[in-house]
Amino acid sequence: MVTSRRKFIKISALGLGGIATASSAFQMFGTNSYLDTIAKQDIANKFKRSATYCEVCFWKCAAWAFSDEEGKIKKIIGNDEDPHCYGRLCPRGTGGVGMYADEDRLKTPLIRTTVDGEETFREASWDEALDLIATKFKHIKDAYGAESFALLKHGSPGSHLEHLFKAYGSETIAEPAYAQCRGPREAGFNLTFGSWVGSPEPTDIRDTKCLVLIGSHIGENMHNTQVQEMSDAIDNNATIITVDPRFSTAASKSNHWLAIKPATDIALMLAWMHVLIEEDLYDKEYIAKYATGFNELKDHVLNFTPEWAYGITTIKPEAIRKTARAMAHAAPSVIIHPGRHVTWYGDDTQRARAMAILNALLGSWGRRGGFYFKEKISVPKFPHPKYPQPKWDWTDIGEQYPLAEMGITTEVMKRAIPSKDNKYPVKALMVAGTNITKSIPNKKLLEQAMDALDFIVVLDTMPMDVTGYADVVLPECTYLERYDGIRSSPNREPSIAVRVPALKPKYDSKPGWWVAKQIGERLGLGDYFNYNDFEEVIEWQLSKMGTSLEEMKKIGVKKFPRKSGPLYLVEGEKHEFSTPSGKIELYSKELKSLGFDPLPVFTKHPEPPQGFYRLNYGRSPMHTFSRTANNPNLNDLKSENNLWVNPKVARIIGLKTGQSVWLRNQDKITSTFSIKVRVTERIRWDSVYMVHGFGHNNKKLTRAFGKGINDTEMISNVAIDPIMGGTGMRGNFVEILTEDPHKNTEI
Ligand SMILES: Nc1nc2c(c(=O)[nH]1)N[C@H]1C(S)=C(S)[C@@H](COP(=O)(O)OP(=O)(O)OC[C@H]3O[C@@H](n4cnc5c(=O)[nH]c(N)nc54)[C@H](O)[C@@H]3O)O[C@H]1N2
Ligand SMILES: Nc1nc2c(c(=O)[nH]1)N[C@H]1C(S)=C(S)[C@@H](COP(=O)(O)OP(=O)(O)OC[C@H]3O[C@@H](n4cnc5c(=O)[nH]c(N)nc54)[C@H](O)[C@@H]3O)O[C@H]1N2
Ligand code: SF4
Ligand SMILES: [Mo]
């Protein structure tokens, strides 16, 4: 279906629910910069400000935390100089203070114990907890080798613990942000352009004339500057094309909404390639100069006509032709957005390849309004002895997946399950800053692994679900109460940002760097932690970078001039891509030699059986994964998720908006909690949709416990990407239960 903005307004008048939220998501950053400035100056005059960068999600916007004389945080505001936020935080960043204020926070170290035959936690001192952890580290090393102690991590605490693990001799390290998130797109773009997309994505949305979002739901996915730049691009009359089975916020802002049948995107993209080539719309000069494998691609897509794709995708041939022409018209200022959470159906690296190839045909990589060449400044390493060489590491664990470039969480967990031929046994686990029971699918695998592990230690700020599996729980203070590593990220121009504590750690919580150092020292690894305070590390690094902590405390963000060359390809100059051929590889000999399709191929994926609906999930603008559900400020804005159900389905089952239902999936897994229905045209009849991150099952999360359904619980069918080991999670089907299946059981 193709919809223009005018038509969209008509549709909303017909009663398509949720439009108010749809448009407001783009306004959540505020639009009146004059008023903003007054408010900012007012606050700046009254309160103490501390430089920080946000940890509510991984966009890491640089911000100022303003506190009063009593040390209370009054407001968190974006740093005007920051290329990650342009002075504006998203609602989650503004609500970050709730992480500090949450009275459910972990307050003291906890150790698992048995009282009257029942397992429970008892409070412990830091010394006792750290001594116990150190004993376990020593035991694992002596009994199995340091490699058998694995680290699953995410975010700032992860990097401190990664240093500890490497010093100790283990690189059995992984994070859900790879195999459950961006891994396939990094593999797909790397194969094609010889470069990862990375974070923040070097999408030149600011100057684009056409933005194509394939499942990428910017506007609900609140990655700050992408939302702001997209909003500007809309104002500048850029063409927005959204391919999504759901009428997303982005779809509501689009000139063309292609309501694709789920799991068929590769077919659509092959047809787009067909049109671009058949109608001679591709960038011939760019392809001749920079690419290889065009003839193979041309032959490959010869029969993939829009008529062929129509039968698969349900998108009309005229709509496919019209959108392909719109892209070509805007080229090279066009972006086929690579997406971010791309582990969908198991052929995800190939879908990413299709996106990369389309960008190449349109000549958008390295062009204004397409993708710019990012640049980052490297932060000097604080001196420490060389890390020991582990006997095996994450690469060996993931050896089955030839193009995995980071650890695969699910493979690490599989290695914890004892079996005769397990060459890489994982015996103990540290979890830092990731709620693996919600972020890694396949609960059965996780539970089996956690049952078998000798020891689990969790470092978190909150009593999240994962803490329930720990032997020792360590309370980290929030990002507002600690120093962390310097944020250096790739962007149009390199920049750095610092995080300085705005407040003293509340309760008996401690920073991640301190925890790593304390464990390290107990293991005789003091040389790797040759400082008293992390402040010293940052101070030393900043001095090497030509600035100082004093200066950074005042400015928060510092930009550096580009050194790597221009932002875009230069007319008439040669450019070598970091691929084996030095060119953009439309046809991948590397994939071919590894036994994979050298060009993307459409494969049919299973469809929901009778009475079942495909489980679709995504983001809420007010929340980040499972980490904010209990945040008092954000919980106030949205306290539970809803199940989006098409009116046709609602009619068949007899559902009404607001009614509570339970779900059961294809493997007979029943949801622990219920969810309230939202009947809406915005979702196709073959799917249901919910926001990820709700349905918490730890009662200690007093606001979030039992609110809504945890999508991860319903994801037991995982389609593994054979190229890089990503876990495709969108092939799960649920039936909707109107009666409480737990009526006679206690949860
Ligand atoms: N079913 C399903 N699974 C998914 C996704 C999905 O949409 N649906 N999304 C996937 C994606 S894209 C990603 S990137 C991953 C994200 O997965 P995770 O990184 O696991 O994200 P969260 O669920 O937010 O868990 C973060 C944990 O860190 C804790 N935390 C927050 N701040 C701090 C801190 O400062 N210090 C410490 N020590 N801990 C802190 C939180 O309390 C929480 O327990 O999940 C993936 N898994
Ligand atoms: N507010 C907020 N923003 C966030 C986050 C957050 O937790 N909260 N997390 C951040 C992170 S780490 C990530 S990785 C990103 C993830 O965000 P994105 O990369 O933008 O999105 P995805 O989760 O891949 O996709 C969600 C969209 O895909 C659609 N979809 C489902 N199936 C299909 C299909 O078969 N084909 C197509 N074309 N579309 C389909 C869904 O309807 C939904 O609109 O968000 C980031 N931004
Ligand atoms: S996008 Fe929002 S939550 Fe993420 S870092 Fe920026 S302000 Fe924080
Ligand atoms: Mo992600």
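Residues numbered from 1 in each chain as written. Chains lettered and ligands numbered in written order. Predicted model: local features only at pLDDT ≥ 70, side-chain atom pairs only at ≥ 80, totals over all residues. Heavy atoms only, no water.

Moving on, we get to the overall build of the protein chain. Secondary structure summary: the protein chain contains 26 helices and 27 strands in total. Computed over its C-alpha atoms, the radius of gyration of the protein chain comes to 25 Å, within 12% of the 27 Å expected for a compact globule of 747 residues. A principal-axis box enclosing the C-alpha atoms of the protein chain has dimensions of 70 × 65 × 60 Å. Each of the 747 residues in the protein chain was classed as buried or not, and the buried ones make up 62%. A sequence separation of at least 24 residues applies to 75% of the contacts in the protein chain between residues at least 6 apart. Accessible surface, the protein chain as shown: approximately 29000 Å² in total, 49% of it carbon and sulfur. Charge centroids of the protein chain, computed over 95 positive and 90 negative side chains, lie 4 Å from each other. (Helix = DSSP H or I, 4+ residues; strand = E, 2+ residues; numbered from the N terminus. Rg over C-alpha atoms; globule rule 2.2 N^0.38 Å. Buried < 20%, exposed > 50% of the residue type's maximum accessible area, 1.4 Å probe, protein only. Contact = heavy atoms within 4.5 Å. Areas by Shrake-Rupley, 256 points an atom, 1.4 Å probe, with all protein chains shown as cover. Lys, Arg positive; Asp, Glu negative; His and termini not counted. Charge placed at Lys NZ, Arg CZ, Asp CG, Glu CD.)

For the rest of this paragraph, the subject is the site of ligand 2. Neighbouring ligand 2 are 30 residues, the closest being Asp244, Asp265, His341, Tyr345 and His623. A distance of 2.8 Å is found between an oxygen atom of ligand 2 and a backbone nitrogen or oxygen belonging to His217. Glu220 has a polar backbone atom sitting 3.1 Å from a nitrogen atom of ligand 2. Protein contact buries 99% of the 930 Å² of open area that ligand 2 shows by itself. Residues of the shell around ligand 2, tallied by class, amount to 12 nonpolar, 10 polar and eight charged. In this structure, the shell around ligand 2 is formed jointly by two domains, domain 1 (181-374 + 580-593) and domain 2 (613-737), each of which donates at least three residues. (Near = heavy atom within 4 Å. Polar contact = N/O pair within 3.5 Å; in protein donor to acceptor, adjacent residues only side chain to side chain. Nonpolar A, V, L, I, M, F, W, Y, C, P; charged D, E, K, R; others polar. Domains from an automatic or database assignment.)

Strand order in the open sheet made by the four strands is E10-E9-E8-E12, with parallel pairing throughout. Each edge of the sheet is formed by a strand with only one pairing partner; in this case those strands are strand E10 (256-258) and strand E12 (334-336). Put simply, the sheet's adjacent strands are angled 10 degrees from each other on average, direction ignored. Pairing geometry for strand E8 (residues 210-214) and strand E9 (residues 239-243), over five bridges, is parallel. Looking across to E9, one finds that Leu211 is bridged to Ile240. Each of E8 and E12 touches helix H16 (residues 348-361); the most contacted strand, E12, lies at about 165 degrees to it. (Pairing = 2+ DSSP bridges. Axes fitted to C-alpha atoms, helices over the stretch in contact; angles between N-to-C directions.)

Judged by how many residues are buried, strand E2 (residues 62-67) sits mostly within the fold: six of six residues are covered. With six bridges joining them, strand E1 (residues 48-53) and E2 adopt antiparallel strand pairing. Bridge pairing in E2 links Lys48 to Ser67. Across five bridges, the pairing between E2 and strand E3 (residues 73-78) is antiparallel. From the neighbouring strand, Trp64 faces E3, where its bridge partner is Ile77. From the end of E2 to the start of E3, which pair antiparallel, there are five residues, and Gly71 there has a positive phi angle of about 90 degrees.

For ligand 1, the set of nearby residues contains 30 residues, the closest of which are His154, Thr434, Asp460, Glu476 and Ser626. In this structure, Arg619 approaches ligand 1 through a side-chain N or O atom, which is 2.9 Å from an oxygen atom. Between Arg627 and ligand 1, the recorded distance is 3.0 Å, taken from a side-chain N or O atom to an oxygen atom. Of all the elements in the fold, those that place two or more residues in the shell around ligand 1 are helix H8 (176-193), helix H19 (436-439) and strand E14 (455-460). Broken down by element, the shell around ligand 1 gets its largest block of residues, four residues, from H8. Split by residue class, the shell around ligand 1 holds 12 nonpolar, 11 polar and seven charged.

Time to look at the environment of Cys54. Looking at the element boundaries, Cys54 is found in the loop between E1 and E2. With 42 residues separating them along the chain, Cys54 and Gly96 place their C-alpha atoms 7.5 Å apart. Discounting chain neighbours no more than four positions away, the residues touching Cys54 are Lys60, Cys61, Gly93, Tyr479 and Arg499.

So, about the sheet that holds strand E16 (residues 487-489). Strands pair in a sheet through their backbones, by hydrogen bonds, and they do so in one of two ways: parallel or antiparallel. Read across the sheet, three strands follow the order E16-E17-E18 without closing on themselves; strand pairing throughout is antiparallel. In this open sheet, the two edge strands, each paired with only one partner strand, are E16 and strand E18 (557-559). Strand-to-strand, the axes of this sheet are offset by a mean angle of 20 degrees, without reference to chain direction. Where E16 and strand E17 (residues 495-497) come together, three bridges link them in antiparallel fashion. Across the sheet, residue Arg487 finds its bridge partner in E17, namely Ala497.

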